[in-house]
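Okay, here's what each chain looks like letter by letter:
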Amino acid sequence: MAGRGAPWEEAGRLIARFHRAGLDHADLNAHNILFDGSGHGWLIDFDRGVIRIPATAWRERNLKRLLRSLVKLRGERSMEDVQKDYARLRRAYDMAWNRGT
């Protein structure tokens, strides 16, 4: 996922759907979230993934892991830009989670 033009909101909704299904993606990082040209998204690389009862602790670990990955891969982007983009993803995630979708 890159900065401008990245589907931050859709990524948040995609992660929420997987979390709602109980998927604990132990290695959730920017390289494991893919989108095609028409906006369809996938999470990949589940070799360390587990199915769990949806709970806050492991979901937050997944999201923190993703944020660390975004920071690590930010390149020339400022921390502020990364935080703003992650906030967009997180808002969409929280909305989808709270709706139950």
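Parameters and conventions
- Residues numbered from 1 in each chain as written.
- Predicted model: local features only at pLDDT ≥ 70, side-chain atom pairs only at ≥ 80, totals over all residues.
- Heavy atoms only, no water.
- Phe/Tyr/Trp six-rings, centres within 6.5 Å; stacked < 30°, edge-to-face > 60°.
- Helix = DSSP H or I, 4+ residues; strand = E, 2+ residues; numbered from the N terminus.
- Buried < 20%, exposed > 50% of the residue type's maximum accessible area, 1.4 Å probe, protein only.
- Salt bridge = Lys/Arg side-chain N within 4 Å of Asp/Glu carboxyl O.
- Expected span 1.5 Å × (residues − 1).
- Contact = heavy atoms within 4.5 Å.
- Core = buried A, V, L, I, M, F, W, Y, C linked by side-chain atoms within 4.5 Å.

## So, the packing of aromatic side chains
- Evaluated as defined, the whole model comprises 2 aromatic pairs.
- Between F18 and F46 the ring centres are 6.0 Å apart and the planes differ by 15 degrees, which places this aromatic pair in the stacked class. One end of the pair, F18, is in helix α1 (residues 8-20); the other, F46, is in the loop between β3 (41-43) and β4 (50-51), and 28 residues separate them in sequence.
- A ring pair is formed by Y93 and W97, whose centres lie 6.4 Å apart and whose planes are at 5 degrees; its orientation type is stacked. A residue pair is termed a helical-turn pair when its members lie 3 or 4 positions apart in one helix, as Y93 and W97 do in helix α3 (residues 79-99) at 4 residues. Both residues of the pair, Y93 and W97, belong to the buried class.

## A closer look at the pattern of salt bridges
- By the definition in use, this model includes 10 salt bridges.
- The residue E60 makes a salt bridge to R90 at a minimum N-O spacing of 2.6 Å. Of this pair, E60 sits in helix α2 (residues 56-72) while R90 sits in helix α3; the two residues are 30 residues apart in sequence, bridging distant segments of the chain.
- Ionic pairing is found between E80 and K84, a salt bridge with its closest N-O pair at 3.2 Å. Here K84 and E80 lie together in helix α3, a separation of 4 residues that amounts to about one turn.
- The class of E80 is exposed, set by a relative accessible area of 51%.
- Note on K84: relative accessible area 46%, which makes it partly exposed.
- Each of E9, R77, D85 and R88 takes part in one network of salt bridges that share partners.

## Some remarks on α1
- For α1, which comprises 13 residues, the first-to-last C-alpha distance of 18 Å matches the rise-based estimate of 18 Å (1.5 Å per residue) to within 8%.
- Tucked inside the fold, the buried residues of α1 contact β1 (23-24), β2 (33-35), β3, α2 and α3.
- Positive phi shows up at G22, right after α1, with a value of about 95 degrees.

## Brief notes about the environment of P7
- Tracing the sequence through the fold places P7 in the segment before α1.
- Along the sequence, P7 and R61 sit 54 residues apart, while their C-alpha atoms lie 21 Å from each other.

## Some thoughts on the nonpolar core
- Counting residues in each nonpolar core, the largest one holds 19 residues, and the members touching the most others are I15, I33, L66, L70 and L89.
- Of all the secondary-structure elements, those providing two or more residues to this core are α1, α2 and α3.
- With 6 residues, α3 is the largest single contributor of residues to this core.
- Residue contacts for L70: discarding those within four places in its chain leaves W8, A30, V82 and Y86.

Worth remembering: the numbers are spatial, not functional.
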